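Per-entry structural report
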Amino acid sequence: MERVAFCLRLRRGAGESYDKAHREVWPEMLALLKRAGISEYSIFRRDELLVLSMHVDDFDQAWDQIEQDPVNARWQQAMAQYVEPLEPLQPGERFPMMREVFYMN
């Protein structure tokens, strides 16, 4: 099981609406994430900065599965109004990935 984290950025002023949307995540989106092997998924926010972390069997395989599902397409369309690109990406990245430098279990 991998632990991964990455960053996203909200559009200015979108924080409260983004928070509300995530208090009401669609059950079918949650089911898709679980089917893809994602667990312990958290999103932390400070102003417009988001840090997302999760446990996942295989991140790339999970995201391949998620990206092909129409539920995700609808969710991404709904979230597009809140999130802006956070560049630059490293070659081969889907998201700006964080490198773990410390973990205490």
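These notes cover the structure that comes with them. (Residues numbered from 1 in each chain as written. Predicted model: local features only at pLDDT ≥ 70, side-chain atom pairs only at ≥ 80, totals over all residues. Heavy atoms only, no water.)

A few points about the overall build of the protein chain
Each helix and strand counted, the protein chain has four helices and four strands in total. For the protein chain, the α and β elements follow one another from N to C terminus as β-α-α-β-β-α-α-β. Dimensions along the principal axes, computed over C-alpha positions, put the protein chain at roughly 35 × 30 × 30 Å. Split into buried and exposed, the 105 residues of the protein chain put 32% on the buried side. Here the contacts in the protein chain between residues at least 6 apart in sequence split such that 77% fall between residues at least 24 apart. Roughly 7300 Å² of accessible area belongs to the protein chain as shown, and the carbon and sulfur atoms make up 50% of that amount. (Helix = DSSP H or I, 4+ residues; strand = E, 2+ residues; numbered from the N terminus. Buried < 20%, exposed > 50% of the residue type's maximum accessible area, 1.4 Å probe, protein only. Contact = heavy atoms within 4.5 Å. Areas by Shrake-Rupley, 256 points an atom, 1.4 Å probe, with all protein chains shown as cover.)

Side note on the pattern of salt bridges
Throughout the structure, instances matching the rule amount to nine salt bridges. R94 is the salt-bridge partner of D64, the closest N and O atoms lying 2.2 Å from each other. With D64 in helix α3 (residues 59–67) and R94 in the segment after β4 (83–84), this pair connects stretches of sequence that are 30 residues apart. The class of R94 is partly exposed, set by a relative accessible area of 26%. Two residues, R94 and E67, come together in a salt bridge whose shortest N-O distance is 3.3 Å. Linking R94 in the segment after β4 with E67 in helix α3, this pair joins segments that are 27 residues apart in sequence. A relative accessible area of 46% means that E67 is categorised as partly exposed. One connected set of salt bridges, linked through shared partners, spans D60, D64, E67 and R94. (Salt bridge = Lys/Arg side-chain N within 4 Å of Asp/Glu carboxyl O.)

Description of the nonpolar core
Within the largest apolar cluster, 25 residues are counted, with the highest numbers of intra-cluster contacts made by I38, M54, F59 and I66. When contributions to this core are tallied by element, the ones reaching two or more residues are β1 (2–10), α1 (15–23), α2 (27–35), β3 (49–56), α3 and α4 (70–79). For M54, the residues in contact, after removing those within four places along its chain, are E2, R3, V4, F6, I38, S39, E40, Y41, F59 and W63. (Core = buried A, V, L, I, M, F, W, Y, C linked by side-chain atoms within 4.5 Å.)

Here we look at the pairing of β1
The sheet contact formed by β1 and β3 spans eight bridges and is antiparallel. Counterpart to R9 in the pairing with β3 is L49. Bridging between β1 and β4 involves two bridges; their strand directions are antiparallel. Opposite L10, over in β4, you have V83 as the bridge partner. (Pairing = 2+ DSSP bridges.)

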